[in-house]
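Notes for the structure review
If you want the building blocks of each chain, they are given just below.
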Amino acid sequence: MTPDTDLASHRTSIRSWWSADGHRFLPPALITCILIGSQITYGILEGLSKTALAIAVAVGVEALLGRLHGSRKPNFVSGYITGISVGILIRSLWLWPYALCSAVSILSKYVIRWRGRHLWNPSNLGVSAMFFLAPEMAAGLSIQWGNAVWVMLVIWVFGWMAVWRVNRLHICLTYVISFLALGFVRSLVTGQAYLAGVAPITGPMYQLFIFFMITDPKTTVKTRHGQCWVALSVAVVEAVLRLYEQVYAPFYALFLVGPCAVATEIWLEKRGGASGNAGTRVEVGG
């Protein structure tokens, strides 16, 4: 075998690996960039130990439940993304909210299931439950990038590349366009300056929400058309919640809309399957 043949074979192997598994490393790489960029720019973390604890608990619970569930290869990428999301989004003086939020988030994947699918995005369920049930113990991140436009641009460029690679870019675009349009409607209703109303979208909280929560392949509907409608619905519900001054409106909106969409899809699939089987039985019997 010639050196050229070896090189060609090596390139083919790399392309094959990337097509099969390599893209799985884009999301953790992106979320790590969000963490590093926001920490360097604003020092958003209250302590590396808290984020490390959130990651360790998420990965550990994922490994344990994955084994108990019969999986030979637990999804450590999912655990890492969930843990680092909790570490970025949760603000608390105590350690236990980080550990509890990570554990609840991963646990929801294995406990709250219907016909083999979990309904809620793990980190969305965890942080929403923490904000709603223990507001005196944990708060959310509410920092914008401010004048550090270069940080936002770097994150968004890599973010667009990552979601495009997994065929989820249309979800992000639908949500962002809807958010900006509904922000104008909110400004007319409340009298608030338009730029002040849409400024949160430039912050790390929304980076996580847009690139990871609403695009999660396991908790989004299957059709492209349906995904766009769900993204629009989340933006609408969020806009309504913001009118009532809900600080965590995006998380609550996805918490309400996402599972309803997935459950409806599962129900329609079941109904369609039953109708198809019934039709087959009638045809054979005839």
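Whatever comes next refers back to the structure up there.
What counts and how
Residues numbered from 1 in each chain as written. Predicted model: local features only at pLDDT ≥ 70, side-chain atom pairs only at ≥ 80, totals over all residues. Heavy atoms only, no water. Helix = DSSP H or I, 4+ residues; strand = E, 2+ residues; numbered from the N terminus. Buried < 20%, exposed > 50% of the residue type's maximum accessible area, 1.4 Å probe, protein only. Areas by Shrake-Rupley, 256 points an atom, 1.4 Å probe, with all protein chains shown as cover. 1 Å grid on protein atoms, 1.4 Å probe; cavity = no way out; pocket = protein on both sides within 12 Å on 5 of 7 lines; lining within 4 Å. Points joined across faces, edges and corners; volume = space filled by probe spheres on them. Expected span 1.5 Å × (residues − 1). Contact = heavy atoms within 4.5 Å. Axes fitted to C-alpha atoms, helices over the stretch in contact; angles between N-to-C directions. Parallel < 35°, antiparallel > 145°, perpendicular 65-115°, else oblique. Left-handed = near helix turned anticlockwise from the far one by under 90°. Nonpolar A, V, L, I, M, F, W, Y, C, P; charged D, E, K, R; others polar. Salt bridge = Lys/Arg side-chain N within 4 Å of Asp/Glu carboxyl O. Patch = residues over 30% accessible without salt bridge, like charges linked within 9 Å, V, L, I, M, F, W, Y side chains within 5 Å.

1. Thoughts on the overall build of the chain
A count of helices and strands for the chain gives twelve helices and four strands. Counting the 286 residues in the chain, one finds 47% classified as buried. In the structure as shown, the chain presents an accessible area of about 14,900 Å², 68% of it carried by carbon and sulfur atoms.

2. Some points on empty space enclosed by the protein
Applying the stated criterion across every chain yields a total of one cavity of 30 Å³ or more. In this structure, the largest cavity encloses a volume near 150 Å³. Taken together, the elements giving at least two residues each to the lining of the largest cavity come down to helix H11 (224-243) and helix H12 (249-285). Looking at the lining of the largest cavity element by element, the count peaks at six residues for H12.

3. Overview of helix H5 (residues 96-111)
An α-helix turns once every 3.6 residues. As a result, residues three or four positions apart point the same way. Between its first and last C-alpha, H5 extends 21 Å over 16 residues, near the 22 Å set by a 1.5 Å rise per residue. Within the sequence span of H5, burial applies to Pro97, Tyr98, Ala99, Cys101, Ser102, Ser105, Ile106, Ser108, Lys109 and Tyr110. Elements that come into contact with the buried residues of H5 comprise helix H3 (48-68), helix H4 (76-89), strand S1 (90-91), strand S2 (113-114), strand S3 (117-118) and helix H6 (122-133).

4. Details of the packing of H4 against helix H10 (residues 204-213)
Where H4 contacts H10, the axes come no closer than 10 Å and their chain directions differ by 155 degrees. With respect to H10, the element H4 is oriented roughly antiparallel. As H4 packs across H10, the resulting crossing turns out to be left-handed. For the pair H4 and H10, the contacting residues are Ile81, Ser85, Ile88 and Leu89 in the first and Met205, Leu208, Phe212 and Met213 in the second. Taken together, the residues that form the contact of H4 with H10 break down as seven nonpolar, one polar and no charged.

5. Quick look at the environment of Asn124
In this structure, Asn124 sits in helix H6. With relative accessibility at 1%, the residue Asn124 sits in the buried group. Expressed as a C-alpha distance, the spacing of Asn124 and Phe209, which sit 85 residues apart in the sequence, is 8.4 Å. Each residue touching Asn124, except ones within four places of it in the same chain, is listed here: Met213, Phe251, Leu254 and Phe255.

6. A closer look at the packing of H4 against H6
One way to put it is that H4 packs onto H6 with a least axis distance of 9 Å and a crossing angle of 30 degrees. Accordingly, the angle class assigned to the pair H4 and H6 is roughly parallel. Here H4 and H6 pass one another in a crossing that is right-handed. Each of Thr82, Ser85 and Leu89 in H4 lies in contact with H6, whose residues at this interface are Pro122, Ser123, Val127 and Phe131. Residues of the contact of H4 with H6, tallied by class, amount to four nonpolar, three polar and no charged.

7. Observations concerning the pattern of salt bridges
Per the counting criterion, the structure on display carries four salt bridges. Between Glu269 and Lys222 there is a salt bridge, and its shortest N-O distance comes to 3.2 Å. Of the two residues, Glu269 is situated in helix H12 and Lys222 in the loop between H10 and H11; the sequence distance between them amounts to 47 residues. A relative accessible area of 39% means that Glu269 is categorised as partly exposed. Taking the shortest distance from any N to any O, the salt bridge between Arg242 and Glu238 comes out at 3.2 Å. Pair noted here: Arg242 and Glu238 are both in helix H11, with a separation of four residues, about one helical turn.

8. Description of a nonpolar patch on the surface
A cluster of nonpolar side chains, Leu180, Phe184, Val185, Leu188, Val189, Tyr194, Leu195, Val236, Val240, Leu243 and Tyr244, forms an exposed patch at the surface whose accessible area comes to about 1,100 Å². For the nonpolar patch, the secondary structure elements donating two or more residues are helix H8 (169-190), helix H9 (194-198) and H11. Per-element tally for the nonpolar patch: the top contributor is H8, with five residues. The residue Tyr244 is located in the loop between H11 and H12 in this model. The exposure class of Tyr244 is exposed, given its relative accessible area of 67%.

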